[in-house]
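The primary structure of each chain is shown beneath.
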Amino acid sequence: MALVPFPSPQSGALPLPPDEDDDNPAAGRMSFLEHLDELRKRIVNSAIAIGVCVVLGFAFINRIVDFILAPTRRALPPGVKMIYTEPGEAFSLYIQISLIMGVVLAAPVIMYQVWMFIAPGLYSNEKRMAVPFVLFTTIGFIAGAAFNHYIAFPYLMAFFASFNTPDLSFMPKLDDVFGLYTKMLLGMGLVFQMPTVVFFLAKMKMVTARFLISNFKYAFLIIFVLAAVITPSGDAMTQAIFAAPMVALYFLSIGIAWVVGPKRVRAPRDVIS
């Protein structure tokens, strides 16, 4: 049997050792059509989960509607009721609430499908973040929805109802109330994702607690600009309702970055010539 000469180091033909972090190298070399097929599968799975949750939500639609409209009813003056002026407005409200409940209930499945779509391009140590990603994003959205329902939206409706006088009757329209509730719900759900974003950035050593503290004055300005952009109405009260939890969550994010991330980023050493 002939002996194969071992390549010399000068030839540059030495085989490279496999990357220990990449346990599936072929996953990172998916073709464009394979990516489209993977995206289609994740969208179909998410749509099935939403459809099942919509049916479950519609089974309890009366209780859900009463729960959503409860903060507005408590803010209304005595003897005042909400109104609807179009024949299909109330029925459309029931359908919209069922769809929203389907998305909310299916949120863990949707976030898991999102993670599974991006996971093939990650290293094995990064793939282990799937469970924290799904868990923290779901908890953040639920916390934002709870803050909106029990604190932000009731306070805002009480503020609007305070202008009711003998000459002005506060009789909110059903579709307008639900539209405002939905916009604030989505806005608060996104706002409460801030700790989750900082958690993963700190785990990847891209953000430190020292960095967040030193840039608080810029973050404070950005927070109020974002609150003015995402607020569903142009009044200062709604803007403050959005900005206040964002400031509180920023301080919480500093604590999270301090616990899970490096305390500081090491400066590169100067090269001594």
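Scroll up to find the structure.
What this report covers is the structure whose coordinates are included nearby. (Residues numbered from 1 in each chain as written. Predicted model: local features only at pLDDT ≥ 70, side-chain atom pairs only at ≥ 80, totals over all residues. Heavy atoms only, no water.)

Some details on unusual backbone geometry
Leaving glycine aside, a negative phi is the common case for residues, and trans is the common case for peptide bonds.
In step 1: With a phi angle near 60°, lysine 205 is a residue other than glycine that sits in the positive phi range.
In step 2: Overall, the relative accessible area of 62% leaves lysine 205 in the exposed class. (Buried < 20%, exposed > 50% of the residue type's maximum accessible area, 1.4 Å probe, protein only.)

Brief notes about the packing of helix H6 (residues 130–161) against helix H11 (residues 236–260)
Two numbers describe a pair of packed helices, the interaxial angle and the distance between the axes.
In step 1: Where H6 meets H11, the closest approach of the two axes is 10 Å, and the angle between their N-to-C directions is 160°. On the basis of their axis angle, the class for H6 and H11 is roughly antiparallel. The two elements H6 and H11 meet at a crossing, and its hand is right-handed. On the side of H6, the interface is formed by Phe147, Ala152, Tyr155, Leu156, Phe159 and Phe160, while H11 contributes Met237, Thr238, Ile241 and Pro245. (Axes fitted to C-alpha atoms, helices over the stretch in contact; angles between N-to-C directions. Helix = DSSP H or I, 4+ residues; strand = E, 2+ residues; numbered from the N terminus. Parallel < 35°, antiparallel > 145°, perpendicular 65-115°, else oblique. Left-handed = near helix turned anticlockwise from the far one by under 90°. Contact = heavy atoms within 4.5 Å.)

Concerning the pattern of salt bridges
In step 1: Counting across every chain of the model gives four salt bridges.
In step 2: Note that lysine 41 and glutamate 38 form a salt bridge whose closest N and O atoms lie 3.6 Å from each other. Linking lysine 41 with glutamate 38, this pair stays in helix H1 (residues 32–59), spanning three residues, or about one helical turn.
In step 3: A residue is classified by how much of its surface remains accessible, and lysine 41, at 38% relative accessible area, is partly exposed.
In step 4: Residues arginine 42 and glutamate 38 are paired through a salt bridge, measuring 2.8 Å at the closest nitrogen-oxygen approach. (Salt bridge = Lys/Arg side-chain N within 4 Å of Asp/Glu carboxyl O.)

Let's talk about a nonpolar patch on the surface
In step 1: On the surface, Phe32, Leu33, Leu36, Leu39 and Ile43 cluster together to form a nonpolar patch covering roughly 520 Å² of accessible area.
In step 2: If you trace the backbone, leucine 33 turns up in helix H1. (Patch = residues over 30% accessible without salt bridge, like charges linked within 9 Å, V, L, I, M, F, W, Y side chains within 5 Å. Areas by Shrake-Rupley, 256 points an atom, 1.4 Å probe, with all protein chains shown as cover.)

Notes on the packing of aromatic side chains
In step 1: Applying the stated criterion across every chain yields a total of 11 aromatic pairs.
In step 2: With a centroid separation of 5.6 Å and an interplanar angle of 40°, the aromatic rings of phenylalanine 147 and phenylalanine 192 are classed as tilted. Taken as a pair, phenylalanine 147 in helix H6 and phenylalanine 192 in the loop between helix H7 (174–191) and helix H8 (194–203) lie far apart in primary sequence, 45 residues in all.
In step 3: An angle of 45° between the planes, with centres 5.9 Å apart, marks the rings of phenylalanine 216 and phenylalanine 220 as tilted. One end of the pair, phenylalanine 216, and the other, phenylalanine 220, are both in helix H10 (residues 216–230), four residues apart, so they sit about a helical turn from each other.
In step 4: Three or more aromatic residues joined by ring pairs form one cluster here, namely Phe216, Phe220, Phe224, Tyr250 and Phe251. (Phe/Tyr/Trp six-rings, centres within 6.5 Å; stacked < 30°, edge-to-face > 60°.)

Things to note about the nonpolar core
In step 1: In this structure, Ile97, Phe153, Met157, Met184, Leu212 and Tyr250 are the most contacted members of the largest nonpolar core, which totals 44 residues.
In step 2: For this core, the secondary-structure elements that each account for two or more residues are helix H2 (61–75), helix H3 (89–105), H6, H7, H8, helix H9 (209–214), H10 and H11.
In step 3: When residues in this core are grouped by element, the largest group, nine residues, is from H11.
In step 4: Once residues lying within four places of it in the same chain are set aside, the contact partners of methionine 157 are Thr72, Ala75, Phe170, Val177 and Leu180.
In step 5: Grouped together as the second largest cluster of nonpolar side chains are eight residues, Ala119, Ala130, Val134 and Phe199 included. (Core = buried A, V, L, I, M, F, W, Y, C linked by side-chain atoms within 4.5 Å.)

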